[in-house]
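# Observations on the model geometry
Here is how the chains run, residue by residue.
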Amino acid sequence: MLDKFIEILTKKEKLIREILQTTVRMKDAVEDVGLLSKLLDARQQYMSKIDKLDEQLSLIKGSVIGEIKIDDKKNTSGEWSEIKKIYPEQWKKIDELLVSIRNMLEQCNEVTEQCKEAADNKLKQLREKISEVRSSKKVLSAYSSKKMQVEGIFVDKKK
């Protein structure tokens, strides 16, 4: 069971690495809205896959805890932390994977914050440009003379 847990946790680590790489690319793609949207979609797909893996991990974790409770020979309390004592080699690998995942998630959060700041700055610049264009339009319309009607108007008169 723990080997399956490690296998799924390894898949999760790879997906989180993909999320980190995608997030770094997003930071550089703030200027290109189309690319940014595609990267956000890709990142969301990775997150959906991770959610499915988390469900599997949770089921396996519950099964392992159930086995620990049933196994009277090892005299354990049926806690997840007991795996460290019972299966030290597997626990070491699990712990390494969890640390790696945690570190990548922290990096992801940092890069995401930088990306948000860059996007906010770009949005602020765009708002300022729109404001300038609107005020220029008002100024131009105020000083420009209205065109006089060149053609005549035909009114239908009935007698």
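The structure displayed is predicted, hence computed values, not measured ones. (Residues numbered from 1 in each chain as written. Predicted model: local features only at pLDDT ≥ 70, side-chain atom pairs only at ≥ 80, totals over all residues. Heavy atoms only, no water.)

This next bit is on the overall build of the chain. Of regular secondary structure, the chain possesses four helices and zero strands. Ordering the α and β elements of the chain from the N terminus gives α-α-α-α. Here the chain holds 159 residues, and the buried ones make up 26% of them. For the chain, long-range pairs separated by at least 24 residues make up 70% of all intrachain contacts whose partners lie at least 6 apart in sequence. Within the structure as shown, the chain displays about 12,600 Å² of accessible surface, and the carbon and sulfur contribution to it stands at 52%. (Helix = DSSP H or I, 4+ residues; strand = E, 2+ residues; numbered from the N terminus. Buried < 20%, exposed > 50% of the residue type's maximum accessible area, 1.4 Å probe, protein only. Contact = heavy atoms within 4.5 Å. Areas by Shrake-Rupley, 256 points an atom, 1.4 Å probe, with all protein chains shown as cover.)

Here we come to the nonpolar core. Core analysis: the largest hydrophobic core is formed by 22 residues, its most contacted members being F5, L9 and I94. Of all the secondary structure elements, the ones that give two or more residues to this core are α1 (2-28), α2 (33-70) and α4 (88-143). Here the element with the most residues in this core is α1; it accounts for nine residues. Grouped together as the second largest cluster of nonpolar side chains are six residues, M26, A29, V30 and L36 included. (Core = buried A, V, L, I, M, F, W, Y, C linked by side-chain atoms within 4.5 Å.)

Within the secondary structure, E7 sits in helix α1. On the basis of relative accessible area, E7 is assigned to the partly exposed category, the value being 39%. When the C-alpha atoms of E7 and L57 are compared, they prove to be 9.9 Å apart, with 50 residues separating the residues in sequence.

This next bit is on the side chain of E13. Inspection of the secondary structure assignment puts E13 in helix α1. Dropping the residues within four chain positions of it, E13 is found in contact with L97, S100, I101 and M104.

Inspection of the entire model under this criterion finds six salt bridges. A salt bridge links K12 to D54; the nearest nitrogen and oxygen atoms lie 2.7 Å apart. Of this pair, K12 sits in helix α1 while D54 sits in helix α2, and the two are 42 residues apart along the sequence. Given the relative accessible area of 27%, D54 is considered partly exposed. Linking R17 and E13 is a salt bridge whose minimum nitrogen-to-oxygen distance equals 3.7 Å. Remark: E13 and R17 occur in helix α1; sequence separation between them is four residues, near one turn of the helix. E13 gets classed as buried once you look at its relative accessible area, which sits at 12%. (Salt bridge = Lys/Arg side-chain N within 4 Å of Asp/Glu carboxyl O.)

So, about the side chain of R43. Looking at the secondary structure, you find R43 in helix α2. Buried R43, no salt bridge; nearest opposite-charge side chain is E113, N-O distance 9.3 Å. Among residues more than four places away in sequence, those in contact with R43 are I19, T22, T23, M26 and T112. (Lys, Arg positive; Asp, Glu negative; His and termini not counted.)

For the chain, the mean per-residue pLDDT works out to 83, and 84% of the residues sit at or above 70. Predicted confidence for residues 72-77 stays below pLDDT 50, and this span has five contacts to residues more than four positions away or in other chains. (pLDDT = per-residue confidence, 0-100.)

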